[in-house]
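Per-entry structural report
Here are the chains, one letter per residue:
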Amino acid sequence: AQSVAQPEDQVNVAEGNPLTVKCTYSVSGNPYLFWYVQYPNRGLQFLLKYITGDNLVKGSYGFEAEFNKSQTSFHLKKPSALVSDSALYFCAVRGAGDDKIIFGKGTRLHILP
Amino acid sequence: GAVVSQHPSWVICKSGTSVKIECRSLDFQATTMFWYRQFPKQSLMLMATSNEGSKATYEQGVEKDKFLINHASLTLSTLTVTSAHPEDSSFYICSARGGGSGTDTQYFGPGTRLTVL
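Residues numbered from 1 in each chain as written. Chains lettered and ligands numbered in written order. Predicted model: local features only at pLDDT ≥ 70, side-chain atom pairs only at ≥ 80, totals over all residues. Heavy atoms only, no water.

Structural notes on the overall build of chain A
Under the convention used in this document: Only DSSP runs of H or I with at least four residues qualify as helices, and only runs of E with at least two residues qualify as strands; both kinds are numbered from the N terminus onward. The quantity called the radius of gyration is restricted to C-alpha atoms. Its globule counterpart is 2.2 Å times the number of residues to the power 0.38. In this analysis, two residues are considered to be in contact whenever any of their non-hydrogen atoms come within 4.5 Å of each other. To measure how exposed things are, a 1.4 Å probe is used in the Shrake-Rupley method; for residues, cover is taken only from the protein chains shown. Charged residues are defined narrowly, with Lys and Arg counted positive, Asp and Glu counted negative, and His plus the chain ends left uncounted. Each charge is placed at NZ for Lys, CZ for Arg, CG for Asp and CD for Glu.
Along chain A, the regular secondary structure elements total 0 helices and 12 strands. Helices (α) and strands (β) of chain A occur, in sequence order from the N terminus, as β-β-β-β-β-β-β-β-β-β-β-β. On C-alpha atoms alone, chain A measures out to a radius of gyration of 13 Å, which is about the 13 Å that the 2.2 N^0.38 rule sets for 113 residues. A principal-axis box enclosing the C-alpha atoms of chain A has dimensions of 45 × 30 × 20 Å. Long-range pairs, those at least 24 residues apart, make up 57% of the contacts in chain A between residues at least 6 apart in sequence. By element, 49% of the accessible surface of chain A is carried by carbon and sulfur atoms, the whole surface being about 5,400 Å². Computed over 11 positive and 9 negative side-chain charges, the inter-centroid distance for chain A is 3 Å.

A word on the environment of B:Y92
Residue and element names in this part refer to chain B. Rule in force here: Polar contacts, as counted here, are pairs of nitrogen or oxygen atoms within 3.5 Å of one another; within protein the pair requires one atom able to donate a hydrogen and one able to accept it, and residues that are adjacent in sequence qualify only if both atoms are side-chain atoms.
Tracing the backbone through its elements, the reader meets Y92 in strand β9 (residues 90–98). In this structure, Y92 is in contact with Q6, I21, Y36, R37, M47, F67, L79, G111, T112 and L114, ignoring residues within four places of it in sequence. Within the structure, the side chain of Y92 is placed 2.6 Å from the backbone oxygen of D88, a separation counted as a polar contact.

Observations regarding the pairing of strand β7 (residues 67–73) of chain B
Residue and element names in this part refer to chain B. So the rule is basically this: Strands were regarded as paired on the criterion that DSSP finds at least two bridges between them.
The sheet contact formed by β7 and strand β8 (residues 76–81) spans 5 bridges and is antiparallel. Across the sheet, S73 pairs through a bridge with L76, a residue of β8. Between the end of β7 and the start of β8, which pair antiparallel, lie 2 residues.

Structural notes on the side chain of B:Q106
Put simply, the test is: Partly exposed residues are those whose accessible area sits between 20% and 50% of the maximum for their type, while under 20% is buried and over 50% is exposed, using a 1.4 Å probe and protein chains only.
The residue B:Q106 is located in the loop between β9 and β10 (107–108) in this model. A relative accessible area of 0% places B:Q106 in the buried class. At 3.1 Å, the side chain of B:Q106 and the side chain of B:Y36 are in polar contact. Discounting chain neighbours no more than four positions away, the residues touching B:Q106 are A:Y36, A:D99, A:I101, B:F34, B:Y36, B:S95, B:A96 and B:R97.

Considerations on the environment of B:P110
Checked against the element boundaries, B:P110 lands in the loop between β10 and β11 (112–116). In the structure, B:P110 is positioned 24 residues away from B:P86 in sequence and 22 Å away in space, judged by C-alpha atoms. Excluding anything up to four places from it in sequence, B:P110 contacts A:N41, A:R42, A:G43, B:V4, B:S5, B:Q6 and B:F91.

Section: the nonpolar core
For clarity, the threshold we go by: Side-chain atoms within 4.5 Å link the members of a nonpolar core, which is a set of buried Ala, Val, Leu, Ile, Met, Phe, Trp, Tyr and Cys residues.
A:L19, A:W35, A:L47, A:L48, A:F74, A:L76 and A:Y89 are the most contacted members of the largest nonpolar core, which has 27 residues in total. Contributing elements (two or more residues each) for this core: β2 (10–14), β3 (19–21), β5 (31–38), β6 (44–50), β8 (64–68), β9 (73–78), β10 (87–95) and β12 (107–112) of chain A. The dominant element in this core, judged by the number of residues it contributes, is β10(A), at 4 residues. Sequence-distant contacts of A:L47, that is, excluding residues within four places in its chain, are made with A:W35, A:Y36, A:V37, A:G59, A:S60, A:Y61, A:F63, A:L76 and A:Y89. B:C13, B:M33, B:V62 and B:L114 belong to the second largest nonpolar core, which has 24 residues in total.

Focus on the pairing of β5(A)
All names here are of chain A. For β5, the buried fraction is high: 7 of the 8 residues fall into the buried class. Strand direction decides the pairing type here: β5 and β10, joined by 8 bridges, are antiparallel. Each residue of the ladder has a partner; that of W35, found in β10, is C91. The pairing of β5 with β6 spans 6 bridges and is classified as antiparallel. Residue pairing across strands places F34 opposite K49, the latter belonging to β6. Once β5 ends, the chain turns through 5 residues before running back antiparallel as β6, passing N41 with a positive phi of about 55 degrees.

Some details on the state of the cysteines
A covalent bond bridging the sulfur atoms of two cysteines is what the word disulfide describes. Basically, it comes down to this: Put simply, a disulfide is two cysteine sulfurs that come within 2.5 Å.
With the rule as written, the count across this model stands at 2 disulfides over all chains. The residue that forms a disulfide with A:C23 is A:C91, at a sulfur-sulfur distance of 1.9 Å. In this structure, the disulfide formed by A:C23 and A:C91 twists by about -65 degrees around the S-S bond and is classed as left-handed. Taken together, the residues A:C23 in the loop between β3 and β4 (24–26) and A:C91 in strand β10 connect sequence positions 68 residues apart. The buried category is assigned to A:C91, whose relative accessible area is 0%. Across the disulfide from B:C23 sits B:C94; the S-S distance is 2.0 Å. Its torsion about the S-S bond being 75 degrees, the disulfide of B:C23 and B:C94 is classed as right-handed. Taken together, the residues span a long stretch of sequence, with B:C23 in strand β3 (residues 19–25) and B:C94 in strand β9 at a distance of 71 residues. As far as the burial class goes, B:C23 and B:C94 line up, both buried. Sulfur of B:C13: no disulfide; nearest cysteine sulfur belongs to B:C94 and is 18 Å away.

Below you can see the structure in the form of structure tokens.
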């Protein structure tokens, strides 16, 4: 069965520091991996995805994520955090050939000014 | 590109009435649409998946007679909450996935906050 784990409910980072939001997954076959961000009372905004190719994926708003097959991880990173990055972040996975995305429980990111 | 809209953004209704929520893909054709429900401080719960012109596939535990889903065109899906009750109050989010090079990415609407009194 597919699953996604986001081990941290909340991550606090000082503005200007690098940030990492962790995600590990379990899926049969090759994974399609996604990161989404949700601001209060809004839907999810697509940040980036890994389907195939280069393990380091660059996305919107300066975010990037690294696909690590051996560790089954897809951590979200940003070199220098902004206060406006404060939001709820969801990691998601879909198995190749599957129709549905499975979401992690979400990690709330607080960027401290 | 890849914009999904929802209408209304919020709705308050009396118990026993029905509410319809629209989801539109504005700049692409959505061969597959998804409806999610999100409770406060929780992740998204998939309710159903619909393909254009076909009946929706509901997740286990979701009442298909209560949550009617119609995906009549490649740009529009509707969710109707029938005989709504206070426990149906929630944040409903639709998502769409289209054809072409973006077939692997789901794009989400802004959500609809439903409050049943």
